[in-house]
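# A structural walkthrough
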Amino acid sequence: AQSVTQPDIHITVSEGASLELRCNYSYGATPYLFWYVQSPGQGLQLLLKYFSGDTLVQGIKGFEAEFKRSQSSFNLRKPSVHWSDAAEYFCAVGRGAGSYQLTFGKGTKLSVIP
Amino acid sequence: DAGITQSPRYKITETGRQVTLMCHQTWSHSYMFWYRQDLGHGLRLIYYSAAADITDKGEVPDGYVVSRSKTENFPLTLESATRSQTSVYFCASRGDEQYFGPGTRLTVT
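A brief report on the enclosed structure follows. (Residues numbered from 1 in each chain as written. Chains lettered and ligands numbered in written order. Predicted model: local features only at pLDDT ≥ 70, side-chain atom pairs only at ≥ 80, totals over all residues. Heavy atoms only, no water.)

## A look at the overall build of chain A
Basically, it comes down to this: Only DSSP runs of H or I reaching four residues or more are called helices, and only runs of E reaching two or more are called strands; each is numbered from the N terminus. The buried label goes to any residue with under 20% of its type's maximum accessible area, the exposed label to any with over 50%, and the partly exposed label to all in between, with areas taken from a 1.4 Å probe on protein chains only. In this analysis, two residues are considered to be in contact whenever any of their non-hydrogen atoms come within 4.5 Å of each other. Per-residue and other accessible areas were derived by the Shrake-Rupley procedure at a 1.4 Å probe size, with only the shown protein chains allowed to occlude residues.
Helices and strands together make up the secondary structure of chain A, namely 0 helices and 12 strands. When the helices and strands of chain A are read in sequence order from the N terminus, they spell out β-β-β-β-β-β-β-β-β-β-β-β. Principal axes of the C-alpha set define a box for chain A whose edges measure 40 × 30 × 25 Å. The buried share of chain A, taken over its 114 residues, is 46%. Restricting to contacts in chain A with at least 6 residues of sequence separation, those with at least 24 account for 54%. As displayed, chain A has an accessible area near 5300 Å², and 49% of this comes from carbon and sulfur atoms.

## Describing the state of the cysteines
All names here are of chain A. Heads up, the rule is: To count as a disulfide, a pair of cysteine sulfur atoms needs to be within 2.5 Å.
Tallied over the full model, the rule gives 2 disulfides over all chains. Across the disulfide from Cys 23 sits Cys 91; the S-S distance is 1.9 Å. Disulfide Cys 23 to Cys 91: torsion about the S-S bond roughly -65°, handedness left-handed. In this pair, Cys 23 sits in the loop between β3 (19-21) and β4 (24-26) while Cys 91 sits in strand β10 (residues 87-95), placing the two residues 68 residues apart along the sequence.

## Quick look at the sheet that holds strand β3 (residues 19-25) of chain B
Residues and elements named next belong to chain B. Test applied: Any two strands with at least two DSSP-identified bridges between them are counted as paired. An axis is simply a line fitted to the C-alpha atoms; with a helix, the fit covers only the stretch in contact. Between two such axes, the angle follows the N-to-C directions and lies from 0 to 180 degrees.
Spatial ordering of the open sheet is given by β1-β3-β8-β7, a layout of 4 strands whose pairing is antiparallel. Of all strands in the sheet, those bounded by a partner on one side alone are β1 (4-7) and β7 (64-66). Here the average twist between neighbouring strands, direction ignored, is 20°. For β7 and strand β8 (residues 76-78), the ladder comprises 3 bridges, and the chain directions are antiparallel. Of the residues in β8, the one forming a bridge with Val 65 is Thr 77.

## Observations concerning the layout of surface pockets
To be explicit about the condition: Definitions used throughout: a 1 Å grid over protein atoms alone; a cavity as a set of points that fits a 1.4 Å probe which cannot get out; a pocket as an open set with protein on both sides within 12 Å along at least five of seven lines; a lining residue as one with an atom within 4 Å of a point. Grid points are joined across faces, edges and corners, and a volume is the space filled by probe spheres set on the points.
In this structure, the largest pocket occupies an estimated 750 Å³ of space. In terms of lining, the largest pocket is formed by 32 residues, of which the most central are Gln38(A), Glu88(A), Phe90(A), Gln37(B) and Leu39(B). Looking at the lining of the largest pocket, the elements with two or more residues in it are β1 (3-5), β10 and β12 (108-113) of chain A together with β4 (31-38), β9 (87-94) and β11 (104-108) of chain B.

## Section: the side chain of Gln25(B)
Residue and element names in this part refer to chain B. In plain terms, the rule: Between N or O atoms, a polar contact is any pair within 3.5 Å; within protein, one atom must be a potential hydrogen donor and the other a potential acceptor, and residues adjacent in sequence are included only when both atoms are from side chains.
With respect to the helices, strands and loops of the structure, Gln 25 is situated in strand β3. There is a polar contact of 3.0 Å between the side chain of Gln 25 and the backbone nitrogen of Ser 28. A polar contact of 2.8 Å, which involves the side chain of Gln 25, links it to the backbone oxygen of His 29. Residues within four places of Gln 25 in sequence aside, it is in contact with Gly 3, Ile 4, Met 32, Arg 68, Thr 71, Glu 72 and Ser 93.

## Considerations on the pairing of β9(B)
The side chains of a regular strand alternate between the sheet's two faces. Residue and element names in this part refer to chain B. With respect to burial, β9 is a largely interior element, 8 of its 8 residues being buried. Residues Ser 87, Tyr 89, Cys 91 and Ser 93 point to one face of β9 and Val 88, Phe 90, Ala 92 and Arg 94 to the other, with burial holding for every one of them. With 3 bridges joining them, β9 and β11 adopt antiparallel strand pairing. Counted as the bridge partner of Tyr 89 is Thr 104 from β11. Here β9 pairs with strand β10 (residues 98-100) via 3 bridges, running antiparallel. When the sheet's bridge partners are listed, Ser 93 is paired in β10 with Tyr 99. Counted along the chain from β9 to the antiparallel partner β10, the turn is 3 residues long.

## Details of the packing of aromatic side chains
Just so we agree on the cut-off: Pairing of aromatic rings covers Phe, Tyr and Trp, the last through its six-membered ring, and needs centres within 6.5 Å; plane angles under 30 degrees mean stacked, over 60 mean edge-to-face, and all others mean tilted.
In total, this model carries 18 aromatic pairs over all chains according to the counting rule given. Ring centres 5.6 Å apart and planes at 50° place the aromatic pair Phe63(A) and Tyr89(A) in the tilted group. Residue Phe63(A) is located in the loop between β7 (56-58) and β8 (64-68), and its partner Tyr89(A) is located in strand β10; the two are separated by 26 residues in the primary sequence. The same class applies to Phe63(A) and to Tyr89(A), which are both buried. Measuring from ring centre to ring centre gives 5.5 Å for Phe104(A) and Tyr35(B), while their planes differ by 90°; the resulting arrangement is edge-to-face. Here Phe104(A), found in strand β11 (residues 101-104), pairs with Tyr35(B), found in strand β4, and the two come from separate chains. On the accessibility criterion, Tyr35(B) (0% relative accessible area) is buried. Here the aromatic cluster, defined as three or more aromatic residues joined through ring pairs, consists of Tyr32(A), Phe34(A), Tyr36(A), Phe51(A), Phe90(A), Phe104(A), Tyr31(B), Phe33(B), Tyr35(B), Tyr48(B) and Phe100(B).

Written out as structure tokens, the structure is:
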């Protein structure tokens, strides 16, 4: 069975600083990987996804993620964080090309210091 | 309005009562999903549906029932609510990506 680990429960960064959120997955086949963001009281919004090809994927809001098969990782990065990026971030792995049954990590809450 | 909606947005019910959470999508997506979100657990899949009249269990299906008579609707029923089912419930449908509804916050007292 697939699983996703987000080692950091809560991260605090200063506005303008760089950000990296860690995600490690366990999946037997080629993974379909996703990053979602959830603002307080809101649903989830897709930031980016990786299916195949270039291992560095670009997403919305200036985020990018890099797939590293050897490390079973899919870390999310942003070069300069804005106060509006404060939210909870979820990494997910999808099973199969058809159903997109997603297994989520437990999330990382990002706080931004002005 | 196009999109995915959930109702009610907030619900308080008592232990043992039946409660139904509604989910409606306007895209005619085949796949729909129900998740629950609990602190420290992230989102966990309860049930999903591949099409009308086709449903299957996810990770945490016990205590829940789903149906899908129409493509656009995917209601989730708690037949006899328990305190452990206090949670935020998200419905989603899959197009080119998985789109999530705004959530229903359910409190079972």
